[in-house]
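For reference, the chains in residue letters:
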Amino acid sequence: MGKFMDWPRILAYITGKVDEELLLRNEYLVAENRILKAQPKTPLRLTDAEWVTLTEIAHRLGRKALEDVANAVKPDTLLGWYRKLVARKFDGSKSRRYPGRTRIIDVDF
C-alpha cells in the first residue's frame, strides 16, 4: 500500500503542477545541506564546484526566496558571487595574447 501513496506526488511532477520555485528551494537546500555536512566544524570553505553550484541555484531562485531558504550564506553574497561568476565567464582575458598595446611589425621595402 506504500507504493500507491506516492502516485499523487509522481502525477504532480509528471503533469507539471508542482511549483517551480518550490523545486528550486528544495534543490538549493539539498545542495547547501550536502556541503555543510561535508564541512568540519570550522568556518565555511567552499570548493569551486560547490561555489558554482550554490550560486547558479541561488540566481535561478531569486532574492526573495533566498531570504527564506539560505542559511549558510547571505542572499546578497550569493547573488554577488553569481555576478562575479558571469563576469569571469565573459572577461575575455583568455583570448588576449599580450598585455598592453599590440605589436608593430617592422617591414622593410
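What counts as what
Residues numbered from 1 in each chain as written. Predicted model: local features only at pLDDT ≥ 70, side-chain atom pairs only at ≥ 80, totals over all residues. Heavy atoms only, no water. Phe/Tyr/Trp six-rings, centres within 6.5 Å; stacked < 30°, edge-to-face > 60°. Helix = DSSP H or I, 4+ residues; strand = E, 2+ residues; numbered from the N terminus. Buried < 20%, exposed > 50% of the residue type's maximum accessible area, 1.4 Å probe, protein only. Contact = heavy atoms within 4.5 Å. Expected span 1.5 Å × (residues − 1).

*Asks:* What am I meant to see in the packing of aromatic side chains here?
*Replies:* In this structure the tally under the stated criterion is one aromatic pair. Between Trp51 and Trp81, the ring centres sit 6.3 Å apart and the planes meet at 50 degrees, which makes this aromatic pair tilted. Of this pair, Trp51 sits in helix H4 (residues 48-61) while Trp81 sits in helix H6 (residues 75-89); the two residues are 30 residues apart in sequence, bridging distant segments of the chain.

*Asks:* Would you explain the environment of Trp51 in this entry?
*Replies:* Looking at Trp51, the relative accessible area reads 15%, which means it is buried. Distance from Trp51 to Ile35, taken between C-alpha atoms, is 9.7 Å for residues 16 residues apart in sequence. In contact with Trp51, not counting residues within four places along its chain, are Leu46, Trp81, Leu85 and Arg88.

*Asks:* I keep staring at H4 and nothing clicks. Help me out?
*Replies:* Because the α-helix completes a turn every 3.6 residues, residues three or four places apart line up on one side. End to end, H4 covers 20 Å across 14 residues, agreeing with the expected 20 Å (1.5 Å per residue, within 8%). Of all the residues in H4, the buried ones are Glu50, Trp51, Leu54, Thr55, Ile57, Ala58 and Leu61. Here the buried face of H4 lies against helix H3 (20-38), helix H5 (63-69) and H6. Just beyond H4, the residue with positive phi is Gly62, at close to 95 degrees.

*Asks:* What is the right way to read the environment of Arg45 from this model?
*Replies:* Relative to the helices and strands, Arg45 resides in the loop between H3 and H4. Residue Arg45 is classed as exposed on the basis of its relative accessible area, which comes to 65%. As for Arg45 and Ile35, which are separated by 10 residues in sequence, their C-alpha atoms are 9.4 Å apart. Not counting chain neighbours up to four residues away, the residues in contact with Arg45 comprise Gln39 and Glu50.

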